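Descriptive analysis of the structure
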Amino acid sequence: MIIESRLEAKPLPECVTQYSGLYRNQYRTWQPYHQSDHTFTYQGFNSDQIGVNLDGVPLINTFRGGTNGQGDDHALTPIGMGQFSGVSVYSGANTPSETGINALGATLNYKPRMPTSKFYTEISGSGGLYSGGVGDSASGGFSVNSGTLPYTGTKLYANYYYSPFHSFINHVFSINNNYYFAALQPYNHGMSQLSLITIYNHEIAQQPSTVPLPLLQKYDRSFQWAPNIWNNHTTTSSYTSILGWKSILNRHMLAKAKFFITQNNNDRTAYANAAYKGGYDGYPLPTALKSYANPSTTGRPSNTYNPTALFGSSYNGTQYQRYIDNFGNAGLMPSLTFLLPENTLTLGGLYMFSKDHSAEYWYGAPSVPMIDGYNGAWDEHDTRSYGDVFLQDRISLFKHRLIITPGVKYYLVDTTCNDTAGYYYKYGGSVSNTFNYWEPSFGASFLATRNSVRFPCTTSTLVWVIAMPGSVHGLPIMWSALSTSTPIRGRPREFPCILITSPIFIWTMRGGQVMRG
C-alpha cells in the first residue's frame with residue numbers, strides 16, 4: 001500500500017501517525033518536533049523494524065536500526081521542518097525496489113522539498129506557551145526559491161529554520177538550527193537532469209530523565225533535578241547530501257544513479273553531583289557514580305586514570321560521564337529501467353559503507369578527555385559493507401486491471417567490530433562476519449471495477465512465517481513466507497480492488513548455518 005502525504009513543514013511524527021496502523025509512543029515530551037524521541041509502531045512493528053528513506057536513500061543506523069539507532073541519541077534530527085514535502089508509506093513486505101533496509105513492517109520514504117519553476121520567498125514563524133505559563137516553544141525561518149534561471153535552466157531552493165524550545169519540565173530545553181539546500185540542473189535538451197540535496201541540522205539540548213513517581217507526587221509533574229545536582233547536556237549534528245542523476249537514454253530505457261553521504265554526531269555529557277551519591281530524597285540520581293575507577297590490578301583493566309589522586313575520591317572523579325556516538329553512511333544507488341509495452345523491468349542495486357564510533361569516558365571535571373587506556377569505559381569502532389542487487393518486473397494486463405510484480409533480490413553484508421579495553425571490558429578484541437542470501441518475491445493486485453468506492457485499492461498486508469527444515473547441497477535452510485502489498489495504478493482512495501494475498505518466499509543460508517532473512 002502506498003499512502004502519500006503533502007503536509008509541508010510539519011513534524012515527522014505528525015505526518016505519518018495520521019495513517020491507520022501507525023502509532024507513536026512518546027517517551028519524552030520535551031521535543032515535539034523531533035523523530036528521535038518518538039518510537040513508531042506500525043502494525044505491531046517498532047521503529048527499528050521500519051525502513052526510513054529520504055528520496056529512496058536509506059537514513060538508518062545500520063548497526064542498531066532506526067534513523068538514530070537504539071542508543072542514547074535522543075536529540076538528533078536527521079530531517080527537520082521545511083526539509084521535506086511529503087511522505088510515502090509502503091506497508092508491510094514490499095517489492096525489491098520499494099523495500100528499505102530493516103523494513104520488515106514498512107518503509108517510509110520522505111520526499112525532499114525541491115525547487116520549482118516560479119520564484120518566491122517565504123517567511124514563517126510560530127510560538128506558544130504551555131498552560132500554566134511554564135515552558136514555551138517557537139520556530140521561525142525563511143526560504144528562497146530561485147525559479148528557473150535564464151540561459152542555464154537551473155533551479156535552486158534554500159531554507160533555514162531556528163527552533164528554540166523550553167519544556168514545561170524544569171531545566172529542559174533544545175535549540176535547533178536547520179539548514180537545507182536543493183538544486184536541479186537539466187541538460188541534454190531536458191532529457192537528463194542532475195540534482196543535489198544537502199541537509200545540515202545542529203542542536204544543543206538539555207535532556208530530561210525519568211523520575212521516580214514519589215518525587216513527581218512530592219514536587220509536581222515538572223520536576224527535574226537542579227543542574228547543580230544532575231544534568232544531561234547534549235550537542236548533536238546531522239548531515240545528509242544526495243547527488244542524483246537521471247537520463248532518458250531512449251524511448252524504452254531510463255537510467256538513474258544517486259551518490260549519498262550521511263554523518264550523524266552525538267556528544268553527551270551527564271553530570272551527577274558526588275554529594276548525592278547516596279541518593280536525592282531517598283532515590284538514586286539517573287547517572288550512577290563509580291566507586292571502582294581507581295587503578296587496580298584485579299578484575300579491572302589497566303586504565304591509568306587515578307580519580308582519587310586528582311579529585312579526592314573515585315566518586316568525585318566520575319561525576320562527568322561523556323558519551324559519543326558518531327555514525328554515517330556513504331553509498332551508490334544505480335538503476336536501469338526498461339519501459340516495455342506491457343511491463344516495466346527494473347535492474348538496480350545499492351552499495352553502502354557504514355561506520356559507527358561509540359565510546360564513553362569518565363572524569364571529575366566538565367572538560368572530559370577521551371583517552372583510551374586512561375579514562376575510557378569503552379571505545380567501539382564498527383564498520384559494515386552492505387550491498388544488494390535486484391531485478392523486478394511489473395506486468396500490466398487487462399488494461400492495467402491486473403498488476404503482477406515478480407522480483408528477486410540478492411544481499412551481501414560484511415561487518416567488523418573492534419572494542420578497546422576499558423572499565424566495562426577487561427579485554428579488547430575484534431570480530432567480523434559475512435553473510436548473504438537471496439530474496440525472491442511475488443505480488444499481485446486486481447482492479448475489479450472503476451465505478452465502485454466500497455473498498456480501498458490495495459492488496460492485503462499480512463505477515464506470516466513458516467519454518468520448514470531442509471537442506472540444499474547438504475546445507476540447512478529456512479523458508480519464510482510473507483505477504484506483500486502492491487500498489488496499483490490509479491488513486492488508492494477512489495478505486496476498489498480484490499484482495500489477493502501473495503507470499504514472498506525467503507531463504508537464507510551461509511556456511512551450514514541458518515541465517516535470519
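These figures come from a predicted structure and were not determined experimentally.

1. Quick word on the overall build of the chain
- What the chain contains, in helices and strands, is three helices and 23 strands.
- Here the chain holds 517 residues, and the buried ones make up 48% of them.
- For the chain, the proportion of contacts with a sequence separation of at least 24, taken over those separated by at least 6, is 67%.
- Summed over its atoms, the accessible surface of the chain is roughly 24,000 Å², and 59% of this surface lies on carbon and sulfur atoms.

2. What about the nonpolar core?
- Membership of the largest hydrophobic core comes to 29 residues, with the highest contact counts inside it found for Leu54 and Tyr110.
- Elements represented by at least two residues in this core include exactly strand S5 (50-54), strand S7 (84-91), strand S8 (106-112), strand S12 (173-187), strand S13 (192-206), strand S17 (343-363), strand S19 (402-420) and strand S20 (429-446).
- Among the nonpolar cores identified, the runner-up in size contains 15 residues, and Tyr305, Tyr320, Ala359 and Tyr363 belong to it.

3. So, the pattern of salt bridges
- Tallying each qualifying case throughout the model produces four salt bridges.
- Between Arg113 and Glu122 there is a salt bridge; the shortest N-O distance is 3.4 Å.
- You can call Arg113 buried: its relative accessible area is 8%.
- For the salt bridge of Lys218 with Asp281, the shortest nitrogen-to-oxygen distance reads 3.0 Å. Residue Lys218 is found in helix H2 (residues 213-219), and its partner Asp281 is found in the loop between strand S15 (253-272) and helix H3 (307-311); the two are separated by 63 residues along the sequence.

4. Here's the deal with unusual backbone geometry
- A positive phi angle, near 55 degrees, is found at Asp281, a position not held by glycine.
- Of note in this structure, Phe398 is not a glycine but carries a positive phi near 55 degrees.
- Positionally, Phe398 belongs in the loop between strand S18 (376-397) and S19.
- In this structure Phe398 comes out as exposed when scored by relative accessible area, which is 58%.

5. Focus: the pairing of S13
- In terms of strand pairing, S12 meets S13 through 15 bridges, oriented antiparallel. Following the sheet pairing, Phe173 is matched in S13 by Gln206.
- Counting the residues that bridge the hairpin from S12 to S13 gives four residues, and of these Asn188 lies at a positive phi of roughly 60 degrees.
- Direction of pairing for S13 relative to strand S14 (residues 230-250): antiparallel, over a ladder of 15 bridges. When the sheet's bridge partners are listed, Ser195 is paired in S14 with Gly244.

6. Examining the environment of Val144
- Note on placement: Val144 falls in strand S10 (residues 136-148).
- Residue classification places Val144 among the partly exposed residues on the basis of a relative accessible area of 36%.

7. Things to note about the packing of aromatic side chains
- Going through the model one piece at a time under the given rule, you end up with 25 aromatic pairs.
- Considering the side-chain rings of Phe142 and Tyr160, the 6.2 Å spacing of their centres and the 50 degrees angle between planes classify their relative orientation as tilted. With a gap of 18 residues between them, Phe142 in strand S10 and Tyr160 in strand S11 (residues 155-166) connect regions that are remote in the sequence.
- By way of ring pairs, the aromatic residues Tyr219, Phe223, Trp225, Trp230, Tyr276 and Tyr280 are connected into one cluster.
- Over the ring of Phe168 we find Arg221, and its NZ or CZ is 4.3 Å from the ring centre.
- It is Lys277 that lies over the ring of Tyr315; its NZ or CZ is 5.5 Å from the centre.

8. Re the confidence of the model for the chain
- Averaged over every residue, the pLDDT of the chain is 79; residues scoring 70 or more account for 76%.
- Below a pLDDT of 50 lies the segment residues 1-14, which in the model reaches 54 contacts outside its immediate sequence neighbourhood of four places, other chains included.
- Residue range residues 25-38 is modelled with pLDDT below 50. Its contacts to residues more than four positions away, or to other chains, number 55 contacts.

9. Concerning the environment of Asn53
- Take Asn53: it is sitting in strand S5.
- On the basis of relative accessibility, which here comes to 8%, the residue Asn53 falls in the buried class.
- Measuring from C-alpha to C-alpha, the distance between Asn53 and Leu108 comes to 6.1 Å, with 55 residues separating the pair along the chain.
- In this view, Asn53 contacts Pro58, Leu59, Gly100, Thr107, Leu108, Asn109 and Tyr110; residues no more than four positions away in its chain are not counted.

10. A closer look at the layout of surface pockets
- Roughly 1,500 Å³ of volume is contained in the largest pocket.
- In terms of lining residues, the largest pocket is bounded by 49 residues, among which Asp55, Gly56, Ser97, Lys256 and Lys258 are the most central.
- In terms of residues, the lining of the largest pocket owes the most to one element, S18, which gives six residues.
- The residue inventory of the lining of the largest pocket, partitioned by class, reads 18 nonpolar, 20 polar and 11 charged.

11. Some words on the pairing of S8
- Counted residue by residue, S8 has seven buried out of seven residues, so it is predominantly covered.
- Burial of the side chains of S8 extends over both faces: Ala106, Leu108, Tyr110 and Pro112 are buried on one face and Thr107, Asn109 and Lys111 on the other.
- Looking at chain direction, S5 and S8 are connected through five bridges and run parallel. Pairing of Val52 across the sheet is with Leu108, part of S8.

Quick notes on the rules
- Residues numbered from 1 in each chain as written.
- Predicted model: local features only at pLDDT ≥ 70, side-chain atom pairs only at ≥ 80, totals over all residues.
- Heavy atoms only, no water.
- Helix = DSSP H or I, 4+ residues; strand = E, 2+ residues; numbered from the N terminus.
- Buried < 20%, exposed > 50% of the residue type's maximum accessible area, 1.4 Å probe, protein only.
- Contact = heavy atoms within 4.5 Å.
- Areas by Shrake-Rupley, 256 points an atom, 1.4 Å probe, with all protein chains shown as cover.
- Core = buried A, V, L, I, M, F, W, Y, C linked by side-chain atoms within 4.5 Å.
- Salt bridge = Lys/Arg side-chain N within 4 Å of Asp/Glu carboxyl O.
- Pairing = 2+ DSSP bridges.
- Phe/Tyr/Trp six-rings, centres within 6.5 Å; stacked < 30°, edge-to-face > 60°.
- Lys NZ or Arg CZ within 6 Å of the ring centre and 35° of its normal.
- pLDDT = per-residue confidence, 0-100.
- 1 Å grid on protein atoms, 1.4 Å probe; cavity = no way out; pocket = protein on both sides within 12 Å on 5 of 7 lines; lining within 4 Å.
- Points joined across faces, edges and corners; volume = space filled by probe spheres on them.
- Nonpolar A, V, L, I, M, F, W, Y, C, P; charged D, E, K, R; others polar.

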